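# Structural description and commentary
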Amino acid sequence: MKRKPTLFGVCFLVVTACSSAPQQKVSVAPAPEVLEPGNLPPQNLEPSECGLFLWTQGTPRRFIFFSRAASGRAIAMLDAGKQEDLTLAAQRGDLFGQFMTEMDYAMPGEKIVSLRLTPGESVEGGQKISSGRIELLDVGGWSTIIPVVGLRACQPDPE
């Protein structure tokens, strides 16, 4: 004679099975940061430090240029999706914050990177760059123009 299991019997078996299963510790770690191709890695500013951040105007927007104020250096992702170190060669135009509206950088391989920026509205801790362009000039005289937008921002001092 077969008996139908009762609801109490089924619940007892489930609870018993769960309580006898070995305990596993689960640790939750943040997912590793995955960069989109053609983007610079995130950049952090120290307290009272300022930086210039530029993105492409088109979609998808790519973070392609970063410079720390008064460093004379920059990093860029302009040519073939490879991060390059740039050295400030000349600056002119109007002063906005710690930067000028026209800056030229030397790039490895005798290439020149020229920035032309139009400052926009002020924001807390900085100023928007409403429009601009990066011109990449190679040794053969060919130039590539990349329309950009961005932000000049400063990290406040902790008080």
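Predicted model only: the values in this text are computed from it and were never measured.

### Observations regarding the overall build of the protein chain
Across its full length, the protein chain carries one helix and eight strands. For the protein chain, the sequential pattern of α-helices and β-strands runs α-β-β-β-β-β-β-β-β. Taken across its 159 residues, the protein chain has 30% of its residues classed as buried. For the protein chain, contacts bridging at least 24 residues in sequence account for 41% of all contacts bridging at least 6. Of the roughly 10800 Å² of accessible surface on the protein chain, 57% is carried by carbon and sulfur atoms.

### Here's the deal with the packing of aromatic side chains
Any pair of aromatic rings gets described here by the distance separating the centres and the angle formed by the planes. Tallied over the entire structure, the rule returns five aromatic pairs. Taken together, a centroid distance of 4.9 Å and an interplanar angle of 50° make the contact between Phe 53 and Phe 66 tilted. Highlighted residues: Phe 53 in strand S1 (residues 50-56) and Phe 66 in strand S2 (residues 63-68), separated in sequence by 13 residues. A centroid spacing of 5.4 Å and a plane angle of 35° characterise the contact between Trp 55 and Phe 63, whose relative ring orientation is tilted. Residue Trp 55 is classed as partly exposed on the basis of its relative accessible area, which comes to 29%. Classification of Phe 63 as buried rests on a relative accessible area of 8%. Taken together, the ring pairs in this structure connect Phe 53, Trp 55, Phe 63 and Phe 66 into an aromatic cluster.

### A short note on the pairing of strand S7 (residues 126-137)
Bridge count for strand S6 (residues 111-123) against S7 is 10 bridges, and the pairing is antiparallel. Of the residues in S7, the one forming a bridge with Val 113 is Leu 136. As consecutive antiparallel partners, S6 and S7 are separated by two residues, and within that stretch Gly 125 has a phi angle of approximately 80°, a positive value. Both S7 and strand S8 (residues 143-154) contribute to a ladder of 10 bridges, which runs antiparallel. Counted as the bridge partner of Gln 127 is Arg 152 from S8.

### Considering the sheet that holds strand S5 (residues 99-107)
With antiparallel pairing, the eight strands of this closed barrel are ordered in space as S1-S2-S3-S4-S5-S6-S7-S8. Taken pair by pair, the neighbouring strands of this sheet meet at an average axis angle of 30°, ignoring direction. By the bridge criterion, five bridges tie S1 to S2 in an arrangement that is antiparallel. Paired with Phe 53 across the two strands is Phe 66, which belongs to S2.

### Side note on the confidence of the model for the protein chain
Confidence in the prediction of the protein chain, expressed as mean pLDDT, is 82, and 77% of residues score 70 or more. Segment residues 7-34 is flagged for pLDDT under 50; beyond a separation of four residues in sequence, or across chains, it makes two contacts in the model.

### Comments concerning the side chain of Glu 84
With respect to the helices and strands, Glu 84 occurs in strand S4 (residues 82-96). By relative accessible area, which is 11% here, Glu 84 ends up buried. Contact partners of Glu 84, with chain neighbours within four places excluded, come to Ala 74, Ile 75, Ala 76, Met 107 and Pro 108.

Reading the values: rules and limits
- Residues numbered from 1 in each chain as written.
- Predicted model: local features only at pLDDT ≥ 70, side-chain atom pairs only at ≥ 80, totals over all residues.
- Heavy atoms only, no water.
- Helix = DSSP H or I, 4+ residues; strand = E, 2+ residues; numbered from the N terminus.
- Buried < 20%, exposed > 50% of the residue type's maximum accessible area, 1.4 Å probe, protein only.
- Contact = heavy atoms within 4.5 Å.
- Areas by Shrake-Rupley, 256 points an atom, 1.4 Å probe, with all protein chains shown as cover.
- Phe/Tyr/Trp six-rings, centres within 6.5 Å; stacked < 30°, edge-to-face > 60°.
- Pairing = 2+ DSSP bridges.
- Axes fitted to C-alpha atoms, helices over the stretch in contact; angles between N-to-C directions.
- pLDDT = per-residue confidence, 0-100.

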